[in-house]
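Chain by chain, the residues:
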2 protein chains.
Amino acid sequence: MNFPSKLIEDAVTEISRLPGIGKKTALRLALHLLKQNEVVTEALALSLTRMRDEIRYCKHCHNISDQEECSICKSHRRDRAIICVVEDIRDVLAIENTNQYQGLYHVLGGVISPIQGIGPEELKIETLLDRISQGEVSEIILALSATMEGDTTSFYLCKRMKESGVKVSTIARGIPVGGELEFTDEVTLGRSILTRINYAQD
Amino acid sequence: MNFPSKLIEDAVTEISRLPGIGKKTALRLALHLLKQNEVVTEALALSLTRMRDEIRYCKHCHNISDQEECSICKSHRRDRAIICVVEDIRDVLAIENTNQYQGLYHVLGGVISPIQGIGPEELKIETLLDRISQGEVSEIILALSATMEGDTTSFYLCKRMKESGVKVSTIARGIPVGGELEFTDEVTLGRSILTRINYAQD
């Protein structure tokens, strides 16, 4: 594309560096900003630079935070004996939105993926082991994706945590709520039979 | 969504103001920027504010430009007798990319749309009539969308330009190149028969 202006060309180039945004979408966004009041663009640019410059990561769980300690780690209502291990900050938000979990988190920052060149040393595993070694933790819940990489990471973490004697569990894999049996893939359906749950009969 | 950080919440709010970007995508983009080097965010923010603050519009055709006059209006290779009237800057880029047009442009800045409250006075119609009245122009090509609003605008422009005696044409509507006849809608197909083109038989 030949742009009539260097300024818009630069903006389109920078916007299209974002994941999932091509040149055409970038141009649409740039022209949208041009049509809006200047304040909109200023607010967007300022919020981005402020976020990038000032954001901090919780020293315990590596969740994003405005302070040294995130609001979850600081909260007195949280059960400090359970740590849920997740890949990414988005997973923390997803689990928090369920309102079903009252423990703490540990954000690994990724999963082991030899193809992408991510080994265990790239992940926040040592700090997790440190937290366990302090003795307060009784259970670790592994909430990683049900992919090859997620399973590899879960397996690796299990091995590393074995010595500590802490109880390790993983979130249930099975057919989703509302999902129909006939449309579930065989692997999931097979697993859901193997890991069937006993009905409590009182 | 409850964000663990005010900074990321602000960024997500601002990003999700962009058209076609919801809160989830905005969060994905924000987290992407956090993972990248600071330079990426700085370059993005700077290019956006610079674009918004410094961009100018060509005084003749209202195309975006870095100077008072855009590169198309300034060029000596362009045929100054033909003006192609388009809705938007993106249409200029689209036509330029075809390499089939050597005339000048006129960017209206929209089409007449009573539903969106856009009347003729919101569009750059007077400056177009001014350009025509200077006498250099022999043909106006209307290249507006084949929608109700586009057709209304074309009709309005035709009426306004009638007195000037300038030749007015519109881009051809018909089945797209590579399009199959049986999948073309009836209106397009009907129009393409009515506005059929004579084969030149030499």
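Reading the values: rules and limits
Residues numbered from 1 in each chain as written. Chains lettered and ligands numbered in written order. Predicted model: local features only at pLDDT ≥ 70, side-chain atom pairs only at ≥ 80, totals over all residues. Heavy atoms only, no water. Salt bridge = Lys/Arg side-chain N within 4 Å of Asp/Glu carboxyl O. Helix = DSSP H or I, 4+ residues; strand = E, 2+ residues; numbered from the N terminus. Buried < 20%, exposed > 50% of the residue type's maximum accessible area, 1.4 Å probe, protein only. Contact = heavy atoms within 4.5 Å. Polar contact = N/O pair within 3.5 Å; in protein donor to acceptor, adjacent residues only side chain to side chain. Nonpolar A, V, L, I, M, F, W, Y, C, P; charged D, E, K, R; others polar. pLDDT = per-residue confidence, 0-100. Least-squares fit on C-alpha atoms with pLDDT ≥ 70 in both. Phe/Tyr/Trp six-rings, centres within 6.5 Å; stacked < 30°, edge-to-face > 60°. Pairing = 2+ DSSP bridges. Axes fitted to C-alpha atoms, helices over the stretch in contact; angles between N-to-C directions. Core = buried A, V, L, I, M, F, W, Y, C linked by side-chain atoms within 4.5 Å. Domains from an automatic or database assignment.

A. The pattern of salt bridges, seen in detail. Taken as a whole, this structure holds 20 salt bridges over all chains when the rule is applied. Of the charged contacts in the structure, one is a salt bridge between Arg160(A) and Glu126(A), with a shortest N-O distance of 3.1 Å. A residue pair is termed long-range when its members are at least 10 positions apart, and Arg160(A) in helix H7 (residues 148-161) and Glu126(A) in helix H6 (residues 126-133) qualify at 34 residues. A relative accessible area of 32% places Arg160(A) in the partly exposed class. Here Arg90(B) makes a salt bridge to Asp88(B), at a shortest N to O gap of 3.5 Å. Here Arg90(B) falls in the partly exposed class, since its relative accessible area comes to 36%. The exposure class assigned to Asp88(B) is buried, which follows from its relative accessible area of 13%. Ionic contacts of the salt-bridge type, sharing partners, join the residues Lys35(A), Asp88(B) and Arg90(B) into one network.

B. Just the interface of chain B and chain A, in detail. The interface of chain B with chain A comprises 54 residues on the first partner and 53 residues on the second. Asp88(B) is paired through a salt bridge with Lys35(A); the nearest N and O atoms lie 3.8 Å apart. Here chain B is connected to chain A by 10 residue pairs in polar contact (both at pLDDT 80 or more). With 15 residues, helix H3 (residues 38-54) of chain B is the largest single contributor of residues to the side of chain B that touches chain A. Here the residues of the side of chain B that touches chain A sort into 27 nonpolar, 12 polar and 15 charged.

C. Expanded view of the confidence of the model for chain A. Residues and elements named next belong to chain A. For chain A, per-residue confidence averages 89 on the pLDDT scale, and 98% of positions sit at 70 or higher. Within chain A, the element-level pLDDT minimum falls on helix H8 (residues 186-194), averaging 84, and the maximum on strand E4 (residues 103-107), averaging 94. With a pTM of 0.77, the predicted complex shows an ipTM of 0.80.

D. A look at the relation of the copies chain B and chain A. Between chain B and chain A, the superposition needs a rotation of 180° and an axial shift of 0.0 Å, giving an RMSD of 0.1 Å. These values place the two chain copies in the arrangement generated by a two-fold rotation axis. By C-alpha distance to the rotation axis, the residue of chain B lying nearest is Ala45(B), at 2.2 Å. Comparing contact sets, 98% of the residues at the interface of chain B also lie at the interface in chain A, consistent with an isologous, same-surface contact.

E. View of the packing of aromatic side chains. Residues and elements named next belong to chain A. Enumeration according to the criterion identifies two aromatic pairs over all chains in this entry. For the pair Tyr101 and Tyr105, a centre-to-centre distance of 5.2 Å together with 65° between the ring planes defines the contact as edge-to-face. Since its relative accessible area comes to 1%, Tyr105 is described here as buried.

F. Spatial organisation of unusual backbone geometry. Positive phi is not limited to glycine here, since His62(A) has a value of about 65°. Counting through the fold element by element, His62(A) comes out in the loop between strand E1 (56-57) and strand E2 (64-65). Given the relative accessible area of 13%, His62(A) is considered buried. At Asn99(B), a position not held by glycine, the phi torsion is positive, near 60°. Mapped onto the fold, Asn99(B) is located in the loop between helix H5 (89-98) and strand E4 (103-107).

G. Structural detail: the sheet that holds E4(B). All names here are of chain B. Here four strands make up an open sheet; going across it, the order is E4-E3-E5-E6 and the pairing parallel. For this open sheet the edge positions go to E4 and strand E6 (167-170), each flanked by a neighbour on one side alone. Between one strand axis and the next, the sheet turns by 25° as a mean value, whatever way the strands run. The pairing of strand E5 (residues 139-142) with E6 spans four bridges and is parallel. Its bridge partner lying in E6, Leu142 is registered against Thr170.

H. Layout of the nonpolar core. Ranked by internal contacts, the top residues of the largest apolar core, which has 108 residues, are Ile8(A), Ile140(A), Ile8(B) and Ile140(B). Contacts of Ile8(B), omitting those with residues within four sequence positions, involve Met51(A), Ile55(A), Ile64(A), Phe3(B), Leu27(B), Ala30(B), Leu31(B) and Leu34(B).

I. View of the environment of Ile95(B). Residue and element names in this part refer to chain B. Note that Ile95 resides in helix H5. In the structure, Ile95 is positioned 61 residues away from Leu34 in sequence and 38 Å away in space, judged by C-alpha atoms. Beyond its immediate chain neighbours, meaning those up to four positions away, Ile95 contacts Cys84, Val86, Tyr101, Tyr105 and Ala143.

J. Quick peek at the domain arrangement of chain A. For chain A, the assigned domains are domain 1 (7-54) and domain 2 (78-171). For domain 1 of chain A and domain 2 of chain A, the distance between their C-alpha centres works out to 35 Å.

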